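# Descriptive analysis of the structure
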Amino acid sequence: MLCDHGLWTDVAFPEHHEVHHIALTEPDIGRQADAVLSTVPGRPFVLVGLSLGAIVGFEVLRRAPERVAGFCAMSTNAGAPRPEQYAAWRAMDALIAEGRFEEVIEQTLPGMFDVTEPPGDLADRYRSMAHRVGPDAARAQLAAQATRSDAHDTLRTVRCPTTVLYGTRDALCPPEFHRSIAEAVPGARLSAVPGAGHLLPVQQPASVSAAVRDLLGTAKRTQPAL
């Protein structure tokens with residue numbers, strides 16, 4: 001949420017592979033999953049998602065598992081929304097509707113990194129992404145969050161190479177969320193990034209780059225056409 005392609009600026013994606021950054025603008029998880037699938041029609045692909053992006057990835061796996069040659073889930077939660085989350089999303093949506101989008105950005109900022117008062121460069125980078133996303137897309141993302149459901153049953157059916165990556169200081173999605181994902185997916189690789197918070201590609205791009213490179217290498221052994 002409130003992030004765009006700038007989240008991945010410092011990640012070194014493997015060369016000679018197309019990279020598609022898909023904006024999260026649909027107010028429904030299912031419709032957003034369809035948008036992912038339509039981006040690379042008919043071809044297998046490696047899917048990398050962080051937080052809400054990974055939640056969309058769970059739905060992609062449910063709808064079209066044969067299309068996903070590899071999956072990397074970062075800083076995320078496969079559980080159903082909790083009552084307090086619904087309440088928080090409604091409150092944020094109301095603020096944005098009142099023209100107070102800036103307040104929502106500042107409310108969410110403390111949960112993005114490993115400290116509640118991140119250094120100015122990190123805070124400004126998050127604010128810039130949020131402003132580029134804008135209030136309309138932010139409201140769509142809040143609406144999409146409310147359409148989530150528990151994804152663990154889907155994860156138990158996943159057969160593609162899967163990496164689950166998390167920061168040990170992620171206040172929004174703590175380690176136990178990721179352990180439950182890795183335990184559900186047969187053969188999943190669980191990797192911790194010490195000292196990192198929620199926005200792993202910003203704080204630890206080298207760790208993310210290595211995880212994606214390794215995942216792609218594994219996926220290519222089963223999908224040589226990648």
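You'll find the structure just up there.
Residues numbered from 1 in each chain as written. Predicted model: local features only at pLDDT ≥ 70, side-chain atom pairs only at ≥ 80, totals over all residues. Heavy atoms only, no water.

Our focus in this paragraph is the overall build of the protein chain. Broken down by element type, the protein chain carries nine helices and four strands. Ordered by position from the N terminus, the helices and strands of the protein chain form the series α-β-α-β-α-α-α-α-β-α-β-α-α. Reported as C-alpha extents along the three principal axes, the dimensions of the protein chain are approximately 50 × 35 × 30 Å. Looking at the protein chain residue by residue over its 226 residues, the buried ones come to 51%. Within the protein chain, residue pairs in contact and separated by at least 24 positions form 75% of the contacts whose partners lie at least 6 positions apart. For the protein chain, the exposed surface amounts to about 10,400 Å²; the carbon and sulfur share of it is 52%. Taken together, the 21 basic and 26 acidic charged side chains of the protein chain have centroids lying 6 Å from each other. (Helix = DSSP H or I, 4+ residues; strand = E, 2+ residues; numbered from the N terminus. Buried < 20%, exposed > 50% of the residue type's maximum accessible area, 1.4 Å probe, protein only. Contact = heavy atoms within 4.5 Å. Areas by Shrake-Rupley, 256 points an atom, 1.4 Å probe, with all protein chains shown as cover. Lys, Arg positive; Asp, Glu negative; His and termini not counted. Charge placed at Lys NZ, Arg CZ, Asp CG, Glu CD.)

Along the chain, Arg-67 turns up in the loop between helix H2 (52-63) and strand E2 (68-74). Of the side chains with opposite charge, Glu-66 comes closest to the buried, unpaired Arg-67, at an N-O distance of 5.9 Å. A polar side-chain atom of Arg-67 sits 2.9 Å from the main-chain carbonyl oxygen of Arg-43. (Salt bridge = Lys/Arg side-chain N within 4 Å of Asp/Glu carboxyl O. Polar contact = N/O pair within 3.5 Å; in protein donor to acceptor, adjacent residues only side chain to side chain.)

Bringing the pairing of strand E1 (residues 45-50) into the picture now. Sheet faces and side chains relate simply in a regular strand, where the side chains alternate between the two faces. The pairing of E1 with E2 spans six bridges and is parallel. Directly across from Phe-45, in E2, lies its bridge partner Val-68. Taken together, E1, H2 and E2 form a β-α-β motif whose crossover is right-handed. (Pairing = 2+ DSSP bridges. Right-handed = clockwise from strand over helix to strand, strands pointing away.)

For E2, a buried count of seven out of seven residues is recorded, marking the element as mostly surrounded by other parts of the structure. The sheet contact formed by E2 and strand E3 (residues 162-167) spans four bridges and is parallel. When the bridges of E3 are listed, Phe-71 appears paired with Thr-162.

Spatially, the four strands line up as an open sheet ordered E1-E2-E3-E4, and their pairing is parallel. With partners counted over all chains shown, the strands left at the sheet margins are E1 and strand E4 (189-193), one partner each. Averaged over all neighbouring strand pairs, the angle between strand axes comes to 15°, with direction disregarded. In this sheet, E4 lies alongside E3 in parallel orientation, the contact comprising five bridges. Counterpart to Gly-167 in the pairing with E4 is Val-193. Each of E1 and E2 is contacted by H2, which is oriented at about 150° to E2, the strand it contacts most. (Axes fitted to C-alpha atoms, helices over the stretch in contact; angles between N-to-C directions.)

Let's shift gears to helix H5 (residues 120-145). Residues separated by three or four positions in an α-helix point in the same direction, a consequence of the helix having 3.6 residues per turn. With 26 residues, H5 extends just 28 Å between its outermost C-alpha atoms, more than 12% less than the 38 Å of an ideal straight helix rising 1.5 Å per residue. Of all bends in H5, the biggest is about 90°, found at Gly-134, and the proline Pro-135 comes one to four residues later. (Expected span 1.5 Å × (residues − 1). Bend = angle between axes of the 7 residues up to and from the residue.)

Let us now look at unusual backbone geometry. The backbone of Ser-51 shows a phi angle near 60°, a positive value even though the residue is not glycine. With respect to the helices and strands, the residue Ser-51 is situated in the loop between E1 and H2. With a phi close to 45°, Ser-75 is a non-glycine residue in the positive phi region. With respect to the element layout, Ser-75 can be found in the loop between E2 and helix H3 (83-97). Exposure remark for Ser-75: the relative accessible area of 0% places this residue in the buried category.

Centre-to-centre distance and the angle between the planes together describe a pair of aromatic rings. Taken as a whole, this structure holds three aromatic pairs when the rule is applied. Here Phe-58 and Phe-71 contribute two aromatic rings whose centre-to-centre distance is 5.9 Å and whose plane-to-plane angle is 75°, an arrangement assigned as edge-to-face. With Phe-58 in helix H2 and Phe-71 in strand E2, the pair connects residues that are 13 residues apart, well separated along the chain. Here the two residues Phe-58 and Phe-71 agree in accessibility, since each one is buried. (Phe/Tyr/Trp six-rings, centres within 6.5 Å; stacked < 30°, edge-to-face > 60°.)

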